[in-house]
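Structure assessment
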Amino acid sequence: LAATPVVVEGLAKAYPDGHRAVKGVSWRAEAGQVVGLLGPNGAGKTTTLRMVLGLITPDEGATWVRGQAVTAGAPVLRKVGALVEGPGFMPHLTGRQNLRAYWAATGRPDEEAGFEEALEVAALGGALDRPVKSYSQGMRQRLGIAQAMLGRPDLLILDEPTNGLDPPQIAAMRPILRAYANTGRTVVISSHLLAEVEQTCTHVVVMDAGEVLVSGPVEDLLESHDTSVLVTARP
Ligand code: ATP
């Protein structure tokens, strides 16, 4: 268990207005897996990922990353690459400068190859040298994914990574995430699109109304006759 990249046990969270966004969810993610939290808007995916990343404190339950309990600022979180609800870029700096600044602060600046690899993920071409304030949502999103991958963290957590991307850009992201996990790393994404999870993920955790409806290998769920639960994860 100590080596399991992510173990989520009974996480629950209510917001101050009393809304119970997450009602006790459990799942785990192993090395080599791309795990997709799938569910409609409001299912509790973002709230779950924010708890996993120590950004908000659960009311109940806990998360362990490689056997270490997650709390706000836990050292283990330094080795996690994350994109949650849009990264905060410095708008007047170029995409390259933004990545450089982040890389210098949190990456491994001695490994130039890792930086160049991230630039390829961003696939921004000449726009890399234009200010981020001129970027479309899709371009910012790709820069955010690249930023999360800087330093090649063992665990990558991306909330709705394909938000703002067009279909070809979504298709381009799939082999990148699969290849990333295939090196023994772990990727967790959230999505409200069944097709995206089906094509990108090895495992799926279907959520609705703050609960896990079903989870397991993607192919098992697709082959099972109980497709009604997947229909529940309506876009
Ligand atoms: P989305 O794709 O819309 O982000 P989600 O599955 O990620 O959906 P959450 O963002 O976790 O879902 O939201 C779950 C529920 O909690 C929603 O009903 C949402 O309105 C509510 N919620 C989220 N953040 C807050 C907040 N800060 N205060 C009150 N309620 C919130």
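This is a predicted model, so every value here is computed, not measured.

Attention shifts here to the confidence of the model for the chain. Chain-level statistics for the chain give a pLDDT mean of 88 and a share of 91% at 70 or above. Within the model, the stretch residues 231-235 combines pLDDT values under 50 with 13 contacts to residues more than four positions away or in other chains. Two numbers describe this predicted complex: its pTM, 0.90, and its ipTM, 0.92.

Turning our attention to the pattern of salt bridges. For the structure on display, the rule yields 5 salt bridges. Its salt-bridge partner being Glu9, residue Arg28 comes within 3.9 Å of it at the nearest N-O pair. Separated by 19 residues along the polypeptide, Arg28 in strand β2 (residues 20-29) and Glu9 in strand β1 (residues 6-14) bring together distant segments of the chain. Residue class for Arg28 comes out partly exposed when judged on its relative accessible area of 39%. Taking the relative accessible area as the measure of exposure, Glu9 reaches 37% and is therefore partly exposed. For Glu160, the salt bridge is made with Lys45, and the minimal N-O distance between the two is 4.0 Å. Highlighted residues: Glu160 in the loop between β7 (155-158) and α5 (167-182) and Lys45 in helix α1 (residues 45-52), separated in sequence by 115 residues. The two residues Glu160 and Lys45 agree in class, both being buried.

On any regular strand, side chains alternate: one points to one face of the sheet, the next to the other face. Of the strand pairs in this sheet, β1 and strand β4 (residues 60-65) are connected by 5 bridges, and their pairing is antiparallel. Its bridge partner lying in β4, Ala12 is registered against Glu60. Note that β4 and strand β5 (residues 68-69) share 2 bridges and pair antiparallel. From the neighbouring strand, Trp64 faces β5, where its bridge partner is Ala69.

As a further point, take the nonpolar core. Membership of the largest hydrophobic core comes to 39 residues, with the highest contact counts inside it found for Leu124, Leu143, Leu156, Leu158, Leu177 and Val187. Ranked by the residues each element gives to this core, the list is headed by helix α4 (residues 137-149), at 6 residues. Discounting chain neighbours no more than four positions away, the residues touching Leu143 are Phe89, Gly95, Leu99, Ala122, Leu124, Leu128, Val132 and Tyr135. Grouped together as the second largest cluster of nonpolar side chains are 28 residues, Val35, Ala43, Leu49 and Met51 included.

Parameters and conventions
Residues numbered from 1 in each chain as written. Predicted model: local features only at pLDDT ≥ 70, side-chain atom pairs only at ≥ 80, totals over all residues. Heavy atoms only, no water. pLDDT = per-residue confidence, 0-100. Contact = heavy atoms within 4.5 Å. Salt bridge = Lys/Arg side-chain N within 4 Å of Asp/Glu carboxyl O. Helix = DSSP H or I, 4+ residues; strand = E, 2+ residues; numbered from the N terminus. Buried < 20%, exposed > 50% of the residue type's maximum accessible area, 1.4 Å probe, protein only. Pairing = 2+ DSSP bridges. Core = buried A, V, L, I, M, F, W, Y, C linked by side-chain atoms within 4.5 Å.

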